[in-house]
Every structure is written in structure tokens, then in C-alpha cells.
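Each chain, letter by letter, is given below.
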Amino acid sequence: MRRLAYAEAGPSLALIKYWGKASAHNNTPATGSLAVTLSGLTSRTQAELADADCITVNGQVQHLERFTPFLDSLRTELGLKGACFAVDSTNNFPTSAGLASSSSGFAALAGALTLLAGREPEPRLVSRLARLGSGSATRPVYGGFTVFDAGTEEAVAEHDENFWPEFRVVLAVVREGAKAVSSRVGMERSRLTSPYYAPWVSSSVAVLADARRALAQRDWKVLGPLIRQSYLRMFSTMFSSDPPLIYWQPESLALIQALESLRAKGYQAWETMDAGPQVKVFCPADQAEALVTELDKRVPGLRFLTAAPGPGLRTWWDPS
Ligand code: DP6
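Predicted model, so just to flag it, every value in this text is computed and none were measured. (Residues numbered from 1 in each chain as written. Predicted model: local features only at pLDDT ≥ 70, side-chain atom pairs only at ≥ 80, totals over all residues. Heavy atoms only, no water.)

**Q** Can you walk me through the pattern of salt bridges in this structure?
**A** When the charged atoms of two side chains with opposite charge come close together, those side chains can pair. Summed over all chains, the structure comprises 18 salt bridges. R128 is paired through a salt bridge with E77; the nearest N and O atoms lie 3.7 Å apart. With R128 in helix 3 (residues 123-131) and E77 in helix 1 (residues 68-77), this residue pair connects regions lying 51 residues apart in the sequence. The partly exposed category is assigned to E77, whose relative accessible area is 40%. (Salt bridge = Lys/Arg side-chain N within 4 Å of Asp/Glu carboxyl O. Helix = DSSP H or I, 4+ residues; strand = E, 2+ residues; numbered from the N terminus. Buried < 20%, exposed > 50% of the residue type's maximum accessible area, 1.4 Å probe, protein only.)

**Q** It is not clear to me how the packing of aromatic side chains should be interpreted in this structure. Could you clarify?
**A** Each aromatic ring pair is characterised by the separation of its centres together with the angle its planes make. Overall, the coordinates contain 14 aromatic pairs when judged by the stated rule. Consider the rings of F167 and W220, whose centres lie 5.4 Å apart with planes at 5°: the pair is stacked. One end of the pair, F167, is in strand 12 (residues 167-173); the other, W220, is in helix 6 (residues 220-239), with 53 residues separating them in the sequence. Each of the two residues, F167 as well as W220, counts as buried. Each residue in the set F145, F163, W164, F167, W220 and F282 is aromatic and connected to the rest through ring pairs, giving one cluster. Over the ring of W317 we find R3, and its NZ or CZ is 4.0 Å from the ring centre. The ring of W270 has R263 lying over it, and the distance from NZ or CZ to the ring centre is 4.4 Å. (Phe/Tyr/Trp six-rings, centres within 6.5 Å; stacked < 30°, edge-to-face > 60°. Lys NZ or Arg CZ within 6 Å of the ring centre and 35° of its normal.)

**Q** Looking at this structure, I do not really get the sheet that holds strand 15 (residues 303-307). What am I missing?
**A** Working definition: the strands of a sheet are paired by backbone hydrogen bonds and lie parallel or antiparallel to each other. The 4 strands lie next to each other as 13-14-12-15, forming an open sheet whose pairing is antiparallel. Of all strands in the sheet, those with a lone pairing partner are strand 13 (270-272) and strand 15, marking the two edges. In this sheet, neighbouring strand axes are inclined to one another by 25° on average, regardless of whether the strands run parallel or antiparallel. Relative to strand 14 (residues 279-284), strand 13 runs antiparallel, the two sharing 3 bridges. Bridge pairing links T272 to K280 in strand 14. Of the strands in this sheet, strand 12, strand 13 and strand 14 are in contact with helix 6, which crosses strand 13 at around 25°. (Pairing = 2+ DSSP bridges. Axes fitted to C-alpha atoms, helices over the stretch in contact; angles between N-to-C directions. Contact = heavy atoms within 4.5 Å.)

**Q** What exactly am I supposed to notice about unusual backbone geometry here?
**A** The bulk of non-glycine residues show a negative phi, and the bulk of peptide bonds are trans. Looking along the chain, the bond that leaves D242 and enters P243 is cis, with omega of -5°. Examined against the element boundaries, P243 turns out to sit in the loop between helix 6 and helix 7 (250-264). You will see that N27, though not glycine, has its phi angle at about 50°, which is positive. Within the secondary structure, N27 sits in the loop between strand 3 (21-23) and strand 4 (28-29).

**Q** Mind showing me how you'd approach the nonpolar core here?
**A** In summary, soluble globular proteins display a tendency toward joint burial of nonpolar side chains. By size, the foremost hydrophobic cluster in this structure holds 36 residues, and its most contacted members are W19, L291 and L295. At the level of elements, strand 12, helix 5 (197-216), helix 6, helix 7, strand 14 and helix 8 (285-298) are the ones that each hand at least two residues to this core. A total of 5 residues in this core trace back to one element, the largest contributor, which is helix 7. The contact partners of L291, leaving out residues within four places of it in the chain, are V170, L259, L262, Y267, A269, V281 and C283. A5, L109, Y142 and L313 belong to the second largest nonpolar core, which has 32 residues in total. (Core = buried A, V, L, I, M, F, W, Y, C linked by side-chain atoms within 4.5 Å.)

**Q** Looking at this structure, how should I read the packing of helix 1 against helix 2 (residues 101-116)?
**A** Packed helix pairs are characterised by how far apart their axes lie and by the angle those axes make with each other. Look at helix 1 against helix 2: their axes get within 11 Å of each other, and the N-to-C directions meet at 35°. Seen along the crossing, helix 1 lies across helix 2 with a hand that is right-handed. Across the interface between the two elements, F70, L71 and L74 of helix 1 pack against F106, L109, A110 and L113 of helix 2. The residue makeup of the contact of helix 1 with helix 2, split by class, is 7 nonpolar, no polar and no charged. (Left-handed = near helix turned anticlockwise from the far one by under 90°. Nonpolar A, V, L, I, M, F, W, Y, C, P; charged D, E, K, R; others polar.)

**Q** Can you walk me through the site of the ligand in this structure?
**A** In the region of the ligand, 18 residues are neighbours, and Y18, K21, S134, G135 and S136 sit closest. The separation between an oxygen atom of the ligand and a polar side-chain atom of Y18 is 2.6 Å. In the model, an oxygen atom of the ligand is placed 3.2 Å from a nitrogen or oxygen of the D274 side chain. For the ligand, the protein covers 94% of the area, taking 460 Å² as the surface of the free molecule. (Near = heavy atom within 4 Å. Polar contact = N/O pair within 3.5 Å; in protein donor to acceptor, adjacent residues only side chain to side chain. Areas by Shrake-Rupley, 256 points an atom, 1.4 Å probe, with all protein chains shown as cover.)

**Q** Could you clarify how one ought to interpret the state of the cysteines in this entry?
**A** When the sulfur atoms of two cysteines share a covalent bond, that bond is a disulfide. As enumerated under the stated definition, the model contains 0 disulfides in all. The thiol of C54 is unpaired, and the distance to the nearest cysteine sulfur, on C84, comes to 11 Å. Under the relative-accessibility criterion, C84 is labelled buried at 19%. (Disulfide = S-S within 2.5 Å.)

**Q** Looking at this model, I keep getting lost on helix 6. Mind explaining?
**A** Because an α-helix packs 3.6 residues into every turn, residues spaced three or four apart end up facing the same way. The end-to-end C-alpha distance of helix 6, which contains 20 residues, comes to 28 Å, matching closely the 28 Å that a straight helix rising 1.5 Å per residue would cover. Of the residues that open helix 6, the one with a side-chain oxygen 3.1 Å from the backbone nitrogen of K221 is D219. (Expected span 1.5 Å × (residues − 1).)

**Q** What is the right way to read the sheet that holds strand 9 (residues 84-91) from this model?
**A** Taken in spatial order, the 6 strands line up as 8-7-9-6-1-16 in an open sheet, and their pairing is mixed. In the strand order of this sheet, the two ends are held by strand 8 (60-61) and strand 16 (314-317), each with one partner. Looking at chain direction, strand 6 (residues 43-50) and strand 9 are connected through 8 bridges and run antiparallel. When the sheet's bridge partners are listed, Q46 is paired in strand 9 with D88. Strand contacts of helix 2: strand 1 (5-9), strand 6, strand 9 and strand 16, with the helix running at about 35° to strand 6, the strand carrying the most contacts.

Have a look at this one:
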């Protein structure tokens, strides 16, 4: 009988960034991150046992190099030596474009394979396994706000998705399509070549601690500047890498400048960016709609998506 295991996860968007590894072999982070799991955007993954590994993402068969080390680790960890998997994953949002599809994709894949192995997809186990695919994938196993601390092997739940109902993220899609340099390659380049990498790592400890406190108070005025500090310091290591990593597009900078002037008019809208040109803006729910209108006026022609804190990983068997 065909047994299909399913899992669904939302992308994990970092307020405070993971950029650099304490151990590349173990995929543990050099900097701790604080992130929110998003609602509405999902990676849905279906997995079954097969004669050979085959992975499709959004209907396209993937090269297995990026996946084989992960699948091999899971075969060992889950006691599935010799097993192969047919995996089909679908994202309902742009893939590999800096909208954190690797976080939701690997979290869902780890969840589906855990279920397929006959194990309870208990969050701590799945978070630890998801890390072997992508560090950021440890986080969306949990809903709401999560922390993945430096040097650790799994994320922890910080506050659930109902903790801050007025919290929103506006995503401005500057460019669709895959990025030129993956986070994995980029962060290793920063570690090896940027003179700012060491201060980035050491200064991130206080930024994370302060941000956790500000989040616990739901205090935009303190949290906002820390969000900005984290991504701009991360980008300082990117710009100063050799060769440099320049993920920004003209519209990215135009949005950053527009937000600066909107804050001067009273918006609590604080942007972040990842390894791609998209700009993601954290803001209160009652400002989100007007913010999109203002940004669209100042930087026309972009697609905007709005998300709230969402649930963590779900897994289930094919009901048929
Ligand atoms: C900039 O988790 O994609 O989005 O562990 O090498 O797969 P690997 O990297 P990945 O890096 C995410 C980096 C980031 C910041 C963040 O999400 O914290």
C-alpha cells in the first residue's frame, strides 16, 4: 500500500540574523537569531518510500547535490539506512528569492521524513534534523516567535503565534527568481574574507539579548532599531566580503529610504533584508494597509504580501 507522509511549514523570517556558522560540519550558527514564523505562506511537502531519491520543488526535478547530504544524515538519524524517498514540495510563494523558502522547505521535509520513518514528529527532534538541511529551518518547526541560539543544535519556542496579534510583516517582492549566491556560500565567504565578520559575531550577542527583552515587552520603539541594526551589520560583512556580496537592487535601497521618511511621519515600520533583494517590513497591523499604499506610491510596480505570526509545523498521513 502507498503511504504518503505530509508536512507543512511557514517561512521563518529573522528579526535578528543568523549569518555565519560556528561549525560548518554540524551546521550550528555563529550568531543567535530571533525569528517569526509567517502565516499564509507555506511549503507543503509530500514524501514516500521509493526505489531512488527524487525531489521535485514546485514541479521541477531538483539536482540532488544540495539534498543528498541531508537525506543521508536523516537516513542515519532516523534508522532508515538503505531507504530512498520520493519527495514533492510546493511553495505558495517565490522560491529561493530571499523569502526564506529554505527554512520552510527543510522544516517540512524533515517533518515528513520523520513521520515516514514511523517516529513521532516531536518538535525538538524535527528542529534538530531540519538544521542539517538549513540552519534557519530549525525555527519554523515552532509557530510564532523562535530563537536559534549561537552554537546550539535546535531552535526553541520564544512566544507562540498569539503572543502579539497586532504584529504584521509586509513583504515587498523586488525581484522574483533565484538568488545568485546562496546564504550558505555567502556566509562562509563573509567568515573567510570580511574584516568585519569577527565584530559582527561578537556584537550580535547583546543585540539578540536586547531584542528578546524588547519583544517580551512588545516594545516597537526599542525592538525596531535593533532589527535595523542586525540586518545592516550583517550586510556590512556581506559588502566587505571578497568578492563582495551585493544582494540589493535599486528598489531595495529606495524602499529603505522611503521607510526612513515614513518613520519620521510616525510609522512604526522597521525593515529587514536577507540574502536577496526583497525588503520585509515589520509593523503594527493598523498601519500595514496604509504602509503598502505609501510604499507603492514611492516605489511603484512591486508586489506586496502581508503576513502575521503563523503556526508551526503540521504533519499528517495521507487520509486515503
Ligand atoms: C540571511 O539557513 O539559509 O536568511 O544554514 O547554510 O542553509 P544554511 O543557511 P540559511 O541562512 C539564513 C540566513 C538569513 C538570516 C536568517 O534567516 O537568520
